[in-house]
Amino acid sequence: MRKYLTVLRVEGKLSLRTPDGLFFGIGMPMAVLLLISMLVGNQQVRGGDYTFMQSSYPALATVGICATAFMGLPLTISDYRDKKILKHFFTTPTSPLLLLGVHVTVCVLTALASALGVTLVAMLVLDYRMPGSWLGFIGSYFLVMLSMYSIGMMMASLCKTIKQANLVCNLVYFPMLFLSGAVIPYEIFPNGMQKLASILPLTQGIQLLKLVSLEGVDSLPLFSLLYLLIFGILGILVSAKTFRWE
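None of the values given here were measured: they were computed from a predicted structure. Counting starts from 1 at the beginning of each chain's written sequence and moves along it residue by residue. Note on the predicted model: pLDDT of at least 70 is required for a residue's local features to be given, and 80 or more for side-chain atom pairs to be given and counted; whole-chain, interface and lining totals, by contrast, use all residues. Excluded from the side-chain calculations are hydrogens and water; all other atoms, namely the structure's heavy atoms, are used.

A. Looking closely at the UniProt feature "transmembrane region" (unreviewed entry) in the protein chain. Feature annotation in UniProt assigns "transmembrane region" (unreviewed entry) to the following positions: residues 21–39, 59–77, 97–126, 132–155, 167–186 and 220–240. Structurally, residues 97–126 is divided into 97% helix and 0% strand, and its ends, taken at the C-alpha atoms, are 42 Å apart. Numbering goes from the N terminus for both helices and strands, where a helix is a DSSP run of H or I of at least four residues and a strand is a run of E of at least two. Taken end to end, residues 167–186 is 65% helix and 0% strand, and its two terminal C-alpha atoms sit 26 Å from one another. UniProt positions are given in the numbering used here, feature names are shortened, and annotations may be inferred rather than shown by experiment.

B. A look at the confidence of the model for the protein chain. Taken as a whole, the protein chain shows an average pLDDT of 84; of its residues, 85% reach a score of 70 or greater. Predictor confidence is given residue by residue as pLDDT, running from a minimum of 0 to a maximum of 100. Two residues qualify as a contact provided that any one of their heavy atoms is within 4.5 Å of a heavy atom in the partner residue. Counting interchain partners and residues more than four positions distant, the pLDDT-below-50 stretch residues 3–20 has 23 contacts.

C. Here's a closer look at the side chain of Ser147. Of note, Ser147 is situated in helix α7 (residues 134–158). Ignoring any residue separated from it by four or fewer positions in sequence, one finds Ser147 in contact with Leu228, Phe231 and Gly232.

D. Summary view of the packing of helix α4 (residues 63–82) against helix α8 (residues 162–179). Helix axes use the C-alpha atoms of the stretch in contact, all axes being lines fitted to C-alpha atoms, and the angles between their N-to-C directions lie in the range 0 to 180 degrees. One can describe the packing of α4 onto α8 by two numbers: an axis separation of 9 Å at closest approach and a directional angle of 175°. It follows that α4 is roughly antiparallel to α8 by the angle criterion. Note on element contacts: α8 touches α4 through Ile162, Ala165, Asn166, Cys169, Asn170, Val172, Tyr173, Met176 and Leu177, opposite Val63, Cys66, Ala67, Phe70, Met71, Pro74, Leu75, Ser78, Asp79 and Asp82. Class assignment of the residues belonging to the contact of α4 with α8 gives a composition of 14 nonpolar, three polar and two charged. Here roughly perpendicular refers to angles of 65 to 115 degrees, roughly parallel to angles under 35, roughly antiparallel to angles over 145, and oblique to all remaining angles. Classification used: nonpolar for Ala, Val, Leu, Ile, Met, Phe, Trp, Tyr, Cys and Pro, charged for Asp, Glu, Lys and Arg, polar for all others including Gly.

Structure below.
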């Protein structure tokens, strides 16, 4: 336990030295929520009986997951492997597996801090009230997190160098962030772009969160659930098969 806390403290200090990551993962979604609320918050979305505010809250709650799963997790692990840090931990009392576990914990805490910040702004500042199920929303949120983190770990396993990881992370992160509806409301996209964006697993995760937050657990979309589970299982299997410490 002491080893875990020591590594967690080091990881936490390293995370605090990445202001860009903290801004995009925690600060940006709160700012975007305030902006959407001022511009179109109470307007009905096209073809729906809910407002942009009700649609944006569950979407922006996933920004922290997106940032940590597709940037923080794979880039850090690839950097550790590239610099032989993982290999060197084999010769110390602290195992590489513990280091990875602590890093995943830091990523999870960052994502939760982002979601909590968005929730506090929505409820305390913008008077948001969820018409659906909070319990279903929380469960769906952790399912989305599990699925996205398994994809991020798969990226970390397949990328052998930090240069490869940088390229892959940018190719995955920005489409996920801007096309899934996480930052830009999905409802304003043209129909063709919506169909294209629906391929992204984060899009399905956000659609799941929207339905649960708007209508409750009785409206769970089976396709989105299966889609997330397939990507989650695939990511875990590929990661377990291809991960290398050096």
